[in-house]
Amino acid sequence: MAKIDYQTLLDNALKSVVKDALIHAQVNGLGDGTHFFITFKTRAAGVVLPDFLRIRYPDIMTIVLQYSYNNLHVSDKEFGVQLTFDGRPFFIRVPFSALVEFKDPSVDFILTFHPKGGIAAADNDMELPLDERPDTVPDPGRVVSLDDFRKNRK
């Protein structure tokens, strides 16, 4: 007989709280100082994120929903939202399975999750996994001399 995975059951129940809070924000907006800090695994399966953000945040990222967000859409398994990064709007999608933390500091509320699995072939704005894109991330085993760059400038 298989053991009951109480941590997974608890995570799933708490993710429904996050989903309901996001649906409330989708329908009613955020008011009275309410704002959400949402931390998620950037390389989890199903996460859609621009490449430059995936490079900047290779493991986890925190977004803030407060004043400047648009097009919040919530489904049973994920949410998507348009946020501004470097002065440009981008739509990101985050499955609830990728959540690490959800906070609403206006009421001192925090939930912590335990996402399963390792790095997956996550989506990005080019629809290719980051590790398959050439020259996106330097090879950690390769040492590059600054002299190589200085020679190219001459």
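Residues numbered from 1 in each chain as written. Predicted model: local features only at pLDDT ≥ 70, side-chain atom pairs only at ≥ 80, totals over all residues. Heavy atoms only, no water.

### Notes on the sheet that holds strand β1 (residues 36–41)
With antiparallel pairing, four strands are arranged side by side in an open sheet as β3-β1-β7-β8. Of all the strands in the sheet, the pair left with one neighbour each is β3 (60–65) and β8 (109–112). Between one strand axis and the next, the sheet turns through 10° on average, direction left out of account. Summarising the sheet, β1 and strand β7 (residues 99–104) pair through four bridges and their orientation is antiparallel. The residue bridging Phe 40 from the neighbouring strand is Leu 99, located in β7. The strands touched by helix α1 (residues 6–28) are β1, β3, β7 and β8; relative to β8, the strand with the most contacts, the crossing angle is about 135°. (Pairing = 2+ DSSP bridges. Helix = DSSP H or I, 4+ residues; strand = E, 2+ residues; numbered from the N terminus. Axes fitted to C-alpha atoms, helices over the stretch in contact; angles between N-to-C directions. Contact = heavy atoms within 4.5 Å.)

### With respect to the packing of aromatic side chains
Across all of its chains, the model carries three aromatic pairs by this definition. With centroids separated by 4.9 Å and ring planes inclined at 45°, the aromatic side chains of Phe 36 and Phe 102 adopt a geometry described as tilted. Highlighted residues: Phe 36 in strand β1 and Phe 102 in strand β7, separated in sequence by 66 residues. With relative accessibility at 4%, the residue Phe 36 sits in the buried group. Relative accessible area serves as the criterion here: at 2%, Phe 102 is assigned to the buried category. Relative to Phe 96, the ring of Phe 79 lies with its centre 6.0 Å away and its plane at 40°, an arrangement referred to as tilted. Of this pair, Phe 79 sits in strand β5 (residues 78–85) while Phe 96 sits in the loop between β6 (88–95) and β7, placing them 17 residues apart in sequence. (Phe/Tyr/Trp six-rings, centres within 6.5 Å; stacked < 30°, edge-to-face > 60°. Buried < 20%, exposed > 50% of the residue type's maximum accessible area, 1.4 Å probe, protein only.)

### So, the environment of Leu 65
As for its position among the elements, Leu 65 is in strand β3. For the pair formed by Leu 65 and Ala 25, sequence separation is 40 residues and the distance between their alpha carbons is 9.3 Å. Once you skip the residues sitting within four places of it in the chain, Leu 65 turns out to touch Leu 22, Leu 30, His 35, Phe 36, Ile 38, Leu 72, Val 81 and Leu 83.

### Details of the side chain of Arg 54
In this structure, Arg 54 sits in helix α2 (residues 51–56). It turns out Arg 54 is buried and unbridged, and the closest side chain with the opposite charge, Asp 51, is 4.8 Å from it. Engagement of the side chain of Arg 54 in a polar contact is seen with the backbone oxygen of Thr 42, the distance being 2.4 Å. (Lys, Arg positive; Asp, Glu negative; His and termini not counted. Salt bridge = Lys/Arg side-chain N within 4 Å of Asp/Glu carboxyl O. Polar contact = N/O pair within 3.5 Å; in protein donor to acceptor, adjacent residues only side chain to side chain.)

### Considering the side chain of Lys 19
Within the secondary structure layout, Lys 19 lies in helix α1. Lys 19 gets classed as buried once you look at its relative accessible area, which sits at 19%. Once residues lying within four places of it in the same chain are set aside, the contact partners of Lys 19 are Val 74, Ser 75, Asp 76 and Phe 96.

### Some thoughts on the pairing of β5
Within a regular strand, side chains alternate between the sheet's two faces. Direction of pairing for strand β4 (residues 69–74) relative to β5: antiparallel, over a ladder of four bridges. From the neighbouring strand, Val 74 faces β5, where its bridge partner is Phe 79. Sheet analysis places β5 next to β6, joined by eight bridges and oriented antiparallel. Along β6, the bridge assignment pairs Leu 83 with Phe 90. Here β5 folds back onto β6 in antiparallel fashion, the turn holding two residues, of which Asp 86 has a positive phi close to 50°.

Don't take any of this as a statement about function, it's just geometry.
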